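# Reading the structure
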Amino acid sequence: MKDIAEQIFLAGVDAVLPEKLIRSQVKLSGDFLHLAEWEFPLSRFRQIYLLAAGKAAAAMACEMERLLGDRIRDGHIITKYGHGRALKRLTLTEAGHPVPDAEGVKGTQRMLDIARKAGENDLVVCLLSGGASALMADLPEGISLDDLKRTNELLVTCGADIAKINTIRKHLSGVKGGELARTLFPATTVSLILSDVVGNRLEVIASGPTAGDRTNFADAMDVINSYSLKEKLPASVLHHLQKGVAGSIPDTPKPDDPIFQNVYNYVIGSNSTALRAAAQKAKELGCTTEIVTETLQGDYTAVADYILDTVENYQRPKRAKPLCLLFGGEPTVKVSGNGKGGRNQHLALYLATRISPKKRITILCAGTDGTDGPTDAAGAVIDDKTVSNALERGINPYQYLNGCDSYHFFQQAGGHIMTGNTGTNVMDMIVAIGED
Ligand SMILES: Nc1ncnc2c1ncn2[C@@H]1O[C@H](COP(=O)(O)OP(=O)(O)OP(=O)(O)O)[C@@H](O)[C@H]1O
Ligand SMILES: O=C(O)[C@H](O)CO
């Protein structure tokens, strides 16, 4: 069943590869670029620029470069280390993620230099995907790179969900929270967005560089207070946010701002695209299948209870086919200690400790981007025997769980899902298979 679960997961990932998504939804016919209900007559534009950021940026850019060829005047891509691809006309920076680094600062500077060149009669194609918030690193006045790094480290480990994390990131940037659109105005901007966010909220994905922001500086301070980050944050960051609350720094542009009148934001793929393909594969493999949710979020312990409860109590005829339940989303883990892991491996290990030994259940938890937390694993697959087998071999799952060291647990006990970097990113998938 572990192999079956992996095949189902991989079918989901395959359906959200950027080249497939762009090829099927963005068409060029003669002079016209077609996207959803819009068409853009390319010869009307003086110049075409391309800007891309995120874990899927290079794969997305390759496909757009293939489509638009030498019509692109200039463009730059920022992606995570190891996620680059060979490009013909566009330049690329590989940078730090989830903690920003100096390369990210340089790449963002280059992006902004291009953005500033765009004028009223130009078209700018933006390709945005998850990871972009960390990869695009710009430094507001008075904030050093070390301060930004420390802030991001605190944010990604404090247990806050991505909407809350990005509320802060948007208020520490001249690119996020619609600020890129502000720089690009009045050029026509078309953003193709690969969503890795529950509910596909444009202002949250990649911190919404071309989307109007509904949050403000006071909301950012609220997040800091509710996660007790005030004492831990660098003074420069706190000072910047406090100045924002006092009104001495302009807030991010809001959705009704006229700068968005020429901006076309379009989500080309999301977790639900992957779940539908996974469900199709599960049916082909002979399972009774259901997509339970694409909005899993919240603390991993509550998420685990929900998954187990759903699998264990699912009503179906006896001796029917195996049951495959699919879940999508992004649970959160409050990390403590110096262990190595990711939220999928951590959730999988926790689930292993919670499955009733009387049930025959297999569960795979993995990130569609192929890298779970700061590890080279996409996630892990467990079953009702994982804990007993490990204990027999002298490997204590509870110790690894408490130390947030799930990676080393699966390295010893087996169960890692290793895909390598997939070139896409639409959150996490959980494949749960139950047998009678
Ligand atoms: N030792 C650990 N155990 C469990 N989870 C961890 C551990 N270290 C980091 N994490 C989790 O990994 C997450 C960051 O990893 P990852 O790069 O997969 O995030 P991501 O959310 O996919 O990034 P992005 O949203 O920017 O694409 C954090 O949410 C953090 O809680
Ligand atoms: O980059 C980010 O902000 C997250 O991946 C959500 O899109």
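Predicted model only: the values in this text are computed from it and were never measured.

Criteria and cut-off values
- Residues numbered from 1 in each chain as written.
- Chains lettered and ligands numbered in written order.
- Predicted model: local features only at pLDDT ≥ 70, side-chain atom pairs only at ≥ 80, totals over all residues.
- Heavy atoms only, no water.
- Near = heavy atom within 4 Å.
- Polar contact = N/O pair within 3.5 Å; in protein donor to acceptor, adjacent residues only side chain to side chain.
- Areas by Shrake-Rupley, 256 points an atom, 1.4 Å probe, with all protein chains shown as cover.
- Nonpolar A, V, L, I, M, F, W, Y, C, P; charged D, E, K, R; others polar.
- Domains from an automatic or database assignment.
- Pairing = 2+ DSSP bridges.
- Helix = DSSP H or I, 4+ residues; strand = E, 2+ residues; numbered from the N terminus.
- Axes fitted to C-alpha atoms, helices over the stretch in contact; angles between N-to-C directions.
- Contact = heavy atoms within 4.5 Å.
- Buried area = accessible area lost by both parts, 1.4 Å probe.
- Salt bridge = Lys/Arg side-chain N within 4 Å of Asp/Glu carboxyl O.
- Phe/Tyr/Trp six-rings, centres within 6.5 Å; stacked < 30°, edge-to-face > 60°.
- Buried < 20%, exposed > 50% of the residue type's maximum accessible area, 1.4 Å probe, protein only.
- Lys NZ or Arg CZ within 6 Å of the ring centre and 35° of its normal.
- 1 Å grid on protein atoms, 1.4 Å probe; cavity = no way out; pocket = protein on both sides within 12 Å on 5 of 7 lines; lining within 4 Å.
- Points joined across faces, edges and corners; volume = space filled by probe spheres on them.

Around ligand 1 lies a shell of 22 residues, among which Lys-55, His-97, Arg-343, Gly-373 and Cys-404 are the nearest. Taking Val-156, its main chain carries an N or O atom lying 3.3 Å from an oxygen atom of ligand 1. Backbone polar atom of Cys-404 to a nitrogen atom of ligand 1: 2.9 Å apart, as the coordinates give it. Summarising the interface, the protein chains cover 90% of the accessible area of ligand 1, which totals 640 Å² for the free molecule. Taken together, the residues of the shell around ligand 1 sort by class into 5 nonpolar, 10 polar and 7 charged. Here the shell around ligand 1 gathers at least three residues from each of two domains, domain 1 (19-138 + 173-215 + 252-269) and domain 2 (272-435).

Within the open sheet, the 3 strands sit side by side as β1-β2-β3. Their pairing is antiparallel. The open sheet has two edge strands, β1 (26-29) and β3 (38-41), and neither has a second partner. Taken over all neighbouring pairs, the strand axes of this sheet differ in orientation by 20 degrees on average, direction set aside. Strands β1 and β2 (32-35) of the sheet are contacted by helix α2 (residues 18-25), whose axis makes an angle of about 50 degrees with β1. Sheet strands touched by helix α3 (residues 57-68): β1 and β2. Its angle to β1, the strand with the most contacts, is close to 15 degrees.

This part is about the site of ligand 2. Inspection of the region around ligand 2 gives Gly-130, Gly-131, Ala-132, Ser-133, Ile-162, Asn-166, Arg-169, Asp-196, Val-197, Ile-205, Ala-206 and Ser-207 as its neighbouring residues. Residue Ala-132 places a main-chain N or O atom 3.2 Å away from an oxygen atom belonging to ligand 2. Contact with the protein chains removes 92% of the 230 Å² of surface that ligand 2 exposes when unbound. Broken down by element, the shell around ligand 2 gets its largest block of residues, 3 residues, from helix α7 (residues 162-170).

Once that is clear, we can look at the domain arrangement of the chain. We note that the domain assignment places domain 1 (19-138 + 173-215 + 252-269) and domain 2 (272-435) within the chain. Here the C-alpha centroids of domain 1 and domain 2 sit 32 Å apart. Counting residues at the interface gives 16 residues for domain 1, matched by 15 residues for domain 2. Buried surface at the junction of domain 1 and domain 2, summed over both partners, amounts to about 1100 Å²; 53% is from carbon and sulfur atoms. Counting across the domain 1 and domain 2 interface gives 1 salt bridge.

With respect to the helices and strands, Thr-189 occurs in strand β8 (residues 188-194). Ignoring sequence-local partners within four residues, the contact set of Thr-189 consists of Val-124, Cys-126, Leu-184, Thr-210, Asn-262, Val-263 and Tyr-264.

Now for the packing of aromatic side chains. The relation between two aromatic rings is expressed through the spacing of the ring centres and the mutual angle of the planes. Counting across every chain of the model gives 7 aromatic pairs. Plain terms: the ring middles of Phe-40 and Tyr-264 are 5.1 Å apart, the flat faces sit at 80 degrees to each other, and that makes the pair edge-to-face. In this pair, Phe-40 sits in strand β3 while Tyr-264 sits in strand β9 (residues 263-269), placing the two residues 224 residues apart along the sequence. For Tyr-264, a relative accessible area of 24% translates into the label partly exposed. On the basis of an interplanar angle of 85 degrees and a centroid distance of 5.0 Å, the ring pair of Phe-409 and Phe-410 is categorised as edge-to-face. Judged by relative accessible area, Phe-409 falls into the buried class, the value being 0%. By the ring-pair criterion, three or more aromatic residues cluster together here, those being Trp-38, Phe-40, Tyr-264 and Tyr-266. Lys-340 extends its terminal NZ or CZ atom over the ring of Tyr-407, reaching a point 4.4 Å from the ring centre.

Summed over the entire model, instances satisfying the criterion amount to 1 cavity of 30 Å³ or more. Considered as a void within the structure, the largest cavity measures approximately 60 Å³ in volume. Lining of the largest cavity is provided by 13 residues; of these, Ser-133, Leu-148, Asn-152, Arg-169 and Lys-176 occupy positions nearest its centre. Secondary-structure elements contributing two or more residues to the lining of the largest cavity are α5 (132-135) and α6 (145-157). Top element by residues in the lining of the largest cavity is α6. It accounts for 4 residues. A breakdown of the residues in the lining of the largest cavity according to their chemical character gives 7 nonpolar, 3 polar and 3 charged.

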